Amino acid sequence: MKKLILTAVAAGTLVLSSGAFAMDSDLEKKLVAVCKAVKSDSNLNLHTTLKETRLRADSVVEGLMCNGEDVITFAKLNGANNTADLLLKRSGNSGKIVVIEDLAKN
């Protein structure tokens, strides 16, 4: 299995160390497990992994990146539509698209 390259951008999960970001190895293992569960396309596997890692779906959707993609895009690119839909429903987003416009620019 290809190694998942993972970037987590969530408040409180990164530690600032001498000008660079460092991540706790236990936290990294948990986030990799979530990425693997998302890719598995098994809602039960994802639910169990989220429960074991004590992470919430909304924080995963907002802050987790798997292989350089946000978690929903990562799931869709890997054909894991079931887990993508579950994450969208549990995050409260339900597939809504948010557009941010700079009104002062106009």
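Description of the structure in this document.

Reading the values: the criteria
- Residues numbered from 1 in each chain as written.
- Predicted model: local features only at pLDDT ≥ 70, side-chain atom pairs only at ≥ 80, totals over all residues.
- Heavy atoms only, no water.
- Helix = DSSP H or I, 4+ residues; strand = E, 2+ residues; numbered from the N terminus.
- Buried < 20%, exposed > 50% of the residue type's maximum accessible area, 1.4 Å probe, protein only.
- Contact = heavy atoms within 4.5 Å.
- Areas by Shrake-Rupley, 256 points an atom, 1.4 Å probe, with all protein chains shown as cover.
- Disulfide = S-S within 2.5 Å.
- Salt bridge = Lys/Arg side-chain N within 4 Å of Asp/Glu carboxyl O.
- Axes fitted to C-alpha atoms, helices over the stretch in contact; angles between N-to-C directions.
- Parallel < 35°, antiparallel > 145°, perpendicular 65-115°, else oblique.
- Left-handed = near helix turned anticlockwise from the far one by under 90°.
- Nonpolar A, V, L, I, M, F, W, Y, C, P; charged D, E, K, R; others polar.

Focus on the overall build of the protein chain
Next, step 1: Broken down by element type, the protein chain carries five helices and five strands.
Next, step 2: Residues classed as buried in the protein chain amount to 29% of the 106 residues present.
Next, step 3: Look at the contacts in the protein chain between residues 6 or more apart in sequence, and 58% of them connect residues 24 or more apart.
Next, step 4: Accessible area of the protein chain: about 7,400 Å², with a carbon and sulfur share of 53%.

Some remarks on the state of the cysteines
Next, step 1: Taken as a whole and assessed by the stated rule, the structure comprises one disulfide.
Next, step 2: Across the disulfide from Cys35 sits Cys66; the S-S distance is 1.9 Å. On the sign convention where negative means left-handed, the S-S torsion of about -80° between Cys35 and Cys66 marks this disulfide as left-handed. In this pair, Cys35 sits in helix H1 (residues 25–40) while Cys66 sits in strand S4 (residues 64–66), placing the two residues 31 residues apart along the sequence. Summarising the burial analysis for this pair, Cys35 and Cys66 share the class buried.

Re the pattern of salt bridges
Next, step 1: Under the definition given, this model contains three salt bridges.
Next, step 2: The salt bridge involving Asp26 is made with Lys30; its shortest N-O contact spans 3.9 Å. In this pair, Asp26 and Lys30 both sit in helix H1, four residues apart, roughly one turn of the helix.
Next, step 3: Assessed through its relative accessible area of 41%, Asp26 is described here as partly exposed.
Next, step 4: A relative accessible area of 29% places Lys30 in the partly exposed class.
Next, step 5: Ionic pairing is found between Asp58 and Arg56, a salt bridge with its closest N-O pair at 2.7 Å.

Thoughts on the packing of helix H2 (residues 43–53) against helix H5 (residues 81–91)
Next, step 1: H5 packs onto H2 with a crossing angle of 50° between their chain directions and a minimal axis gap of 9 Å. Classified by the angle between their axes, H2 and H5 sit oblique to one another. In the packing of H2 onto H5, the handedness of the crossing is right-handed. Of H5, the residues touching H2 (which contributes Asn43, Leu46, His47 and Leu50) are Asn82, Thr83, Leu86, Leu87 and Arg90.
Next, step 2: Across the contact of H2 with H5, the residue classes tally to four nonpolar, four polar and one charged.

Observations concerning the packing of H1 against H2
Next, step 1: It is at 8 Å that the axes of H1 and H2 come closest, and there the two elements cross at 170°. Put simply, H1 runs roughly antiparallel to H2. Crossing of H1 over H2 shows left-handed handedness. Between H1 and H2, the contacting residues are Lys30, Ala33, Val34, Ala37, Val38 and Ser40 on the first element and Asn45, Leu46, Thr49, Leu50 and Thr53 on the second.
Next, step 2: Its residues assigned to classes, the contact of H1 with H2 shows six nonpolar, four polar and one charged.

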